[in-house]
Amino acid sequence: MTCRRLTCRRQAAAAVALGVLALVGCGSDSNKAAGSTSSTTALISTTHAGSAPGGSTGTPDPAAIAFIKLATMSNPVDLTFRAGDSALYIASRDGFVVAMRNGTIDNTKLLDVSKDITAGGEQGLLGLTFSVDGSHAYVDYTDTNGDTNIVEYAVGADGVFAKKSKRALLTIKQPYSNHNGGQVRIGPDGMLYIGMGDGGSGGDPERRGQNKDELLGKILRIDPKPDGDDRYTIPADNPFVNVDGERGEIWAYGLRNPWRFSFDRTTNDLWIADVGQNSWEEIDVASAASGGGKGLNFGWSAFEGTHPFNDDQPTDGVTMPIHEYPHGPDGCSISGGVRYRGTTILSLIGWYVYADYCSNQVRALQIEPDLTAGAEVILASDQAGVSEIAQGPDGELYALRVDDGLIMTIGPKA
C-alpha cells in the first residue's frame, strides 16, 4: 500500500514501538494522521443499477452482509489461487507463502524468501500469482537493497515451491522505500501483469509517472517465457514495442501506486485502485472491449484523480478515473478491489468492492453497464488495516487485514 512519506515514517516508528510492523496505507506524504475511523455504517444510496451484461444488479444491504473471521497470520497482503487446487494461497509481507484450506491456515511455509527481502512498511513480499495451469508461481518482492524483484518458481502438485527452480525475471531499481506497487496477476491472455508505483517520495519528484522510458508508475505486461538470452519475452502487441525512448514492457502508465489491480472474471476488464497524494483517491478501469488498458495514460502526476497536480506534465489523452473520493472522514489510502462475481450475495453481483486503510471502511461501488460509477454503499466501517479485497476461484470475497493478521470472508449474514 502506499504512503505519504512523512506520515508513514511516524506511523512505522509507532508500529515498531508497539512490536507491530504495519503496512502503512496513507495516501499522502504529508503530516496527515492515518487510522481515523468513521462510525457510520450506512446505505448511501438506493439507486438501482441496470441489469445489462456486466452491470450491477440490485443494491446490497450492509445489515445483511457479514465479515467472518477465518484465520490469522502475520502480515497478509495478497490472496490468490491456482488451477486444479482447492487451496487459497496467501502471501505475507514478511516473506513467506502459506495455504488455507477450508478456512484453516496450514503453517507450512511453501515459499520462504524472508532472508532475501527488506520487509516492513511498503516493502516485503508484496504479490503472488500462478500460471494458467498452476505449474509456476510469480512473486513480487523488494530485495535487501529495496529494489523490486519479479521471480518465477516451479510449484509441485502439493503446492510447495521448488526452491532450486528460482528464476529471476526482472529487477527494477527503487529510488525510495515507498510506492513499490507489488501486485502481480496473470491476465485473461495468459500474460504476466505487474503493478509498479512511481518510485516513491512524494509528488513524483523525478516525474516518472509520465516517463515511458521508466518502468515505475506503470502496469507492465510480459510473457514469462525466455526469449533467447533474455529472461522474459516482451509481447509483440504491447503498445510501446520498438518505440525509441519507450520501454516495451509498459502496458499502461500514469499511476502513482496501484494498490491493487484485478481482472473482472466475467468481462475481463482491468480495474485499478490507485492511491492518491494529498487529496484524492481514485478507481480506474480499462474495458477489455477497448483494449484492456493497452497504451492508456491514467494521468499521474499531471492529475491527482481528476484534479490538476504537477503543471509541468502533459495533460492530453488522459483516461480519467471513474470514481474518486476526497481525504478526510472517507479515508486517505485506497486498497483494491474486485468486482463481485460470486453467488452468495446476489445484490452485490457486479459491484466493485474495495477498502480504505485509513477509514477502516469496506465499500461497494455500483457499476453501470457502460462502466460508469453509480451509487456507493459502505459495507463496513470497522475493518481496520485492510490491505486487499481479494476473490477466490468461485468469485467469493476475502478481506486481508495486514495490521492484526485477520483473514475475513465476506458473505451473507446468517
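Residues numbered from 1 in each chain as written. Predicted model: local features only at pLDDT ≥ 70, side-chain atom pairs only at ≥ 80, totals over all residues. Heavy atoms only, no water.

K.L.:
Break down the sheet that holds strand E16 (residues 280–286) for me, citing the residues and quoting the values.
P.N.:
Pairing is antiparallel in the open sheet, where four strands are placed in the order E14-E15-E16-E19. In this open sheet, the two strands that pair with only one neighbour each are strand E14 (258–263) and strand E19 (323–326). Adjacent strand axes in the sheet meet at a mean angle of 10° when their direction is disregarded. Two strands pair when backbone bridges link them, and strand E15 (residues 270–274) and E16 are joined in this way by five bridges, in the antiparallel orientation. Looking across to E16, one finds that Ile272 is bridged to Asp284. (Pairing = 2+ DSSP bridges. Helix = DSSP H or I, 4+ residues; strand = E, 2+ residues; numbered from the N terminus. Axes fitted to C-alpha atoms, helices over the stretch in contact; angles between N-to-C directions.)

K.L.:
I'd like to hear about the pattern of salt bridges, residue by residue, with values.
P.N.:
Scanning all chains against the criterion turns up 19 salt bridges. Among the ionic pairs, Glu388 bridges to Arg185, the shortest N-O distance being 3.7 Å. Pair noted here: Glu388 is in strand E24 (residues 386–391) and Arg185 is in strand E10 (residues 184–186), with a separation of 203 residues, a long-range link. For the pair Glu388 and Arg185, one class covers both residues: buried. Notably, a salt bridge pairs Arg207 with Asp312, separated by 3.0 Å at the nearest N-O pair. Within this pair, whereas Arg207 is found in the loop between strand E11 (192–196) and strand E12 (218–222), its partner Asp312 is found in the loop between strand E18 (307–308) and E19, the two being separated by 105 residues in sequence. Residue Arg207 is classed as partly exposed on the basis of its relative accessible area, which comes to 25%. Connected via shared salt-bridge partners are Asp78, Arg185, Arg260 and Glu388. (Salt bridge = Lys/Arg side-chain N within 4 Å of Asp/Glu carboxyl O. Buried < 20%, exposed > 50% of the residue type's maximum accessible area, 1.4 Å probe, protein only.)

K.L.:
Go over the pairing of strand E5 (residues 104–112) with me, naming the residues and quoting the values.
P.N.:
Where strand E4 (residues 96–101) and E5 come together, five bridges link them in antiparallel fashion. Looking across to E5, one finds that Ala99 is bridged to Asp106.

K.L.:
Can you tell me about the sheet that holds strand E13 (residues 250–253), naming the residues and giving the values?
P.N.:
One open sheet accounts for four strands, arranged E10-E11-E12-E13; its pairing is antiparallel. Each end of this open sheet is capped by a strand with a single partner; those strands are E10 and E13. In this sheet, neighbouring strand axes are inclined to one another by 20° on average, regardless of whether the strands run parallel or antiparallel. Of the strand pairs in this sheet, E12 and E13 are connected by three bridges, and their pairing is antiparallel. For Ile219, the partnering residue across the bridge sits in E13 and is Ala252.

K.L.:
So what's going on with the side chain of Gln174? Residues and values would help.
P.N.:
With respect to the helices and strands, the residue Gln174 is situated in the loop between strand E9 (167–172) and E10. The class of Gln174 is buried, set by a relative accessible area of 5%. A distance of 3.4 Å separates a polar atom in the side chain of Gln174 from a polar atom in the side chain of Asn180. In this structure Gln174 touches Gly146, Asp147, Thr148, His179, Asn180, Met196, Gly199 and Leu216, once residues within four positions along its chain are discounted. (Polar contact = N/O pair within 3.5 Å; in protein donor to acceptor, adjacent residues only side chain to side chain. Contact = heavy atoms within 4.5 Å.)

K.L.:
So what's going on with the packing of aromatic side chains? Residues and values would help.
P.N.:
Scanning all chains against the criterion turns up eleven aromatic pairs. Centroid distance Phe240 to Tyr253: 5.9 Å. Interplanar angle 75°. Geometry classified as edge-to-face. Highlighted residues: Phe240 in the loop between E12 and E13 and Tyr253 in strand E13, separated in sequence by 13 residues. Both residues of the pair, Phe240 and Tyr253, belong to the buried class. It is Arg363 that lies over the ring of Tyr325; its NZ or CZ is 4.3 Å from the centre. (Phe/Tyr/Trp six-rings, centres within 6.5 Å; stacked < 30°, edge-to-face > 60°. Lys NZ or Arg CZ within 6 Å of the ring centre and 35° of its normal.)

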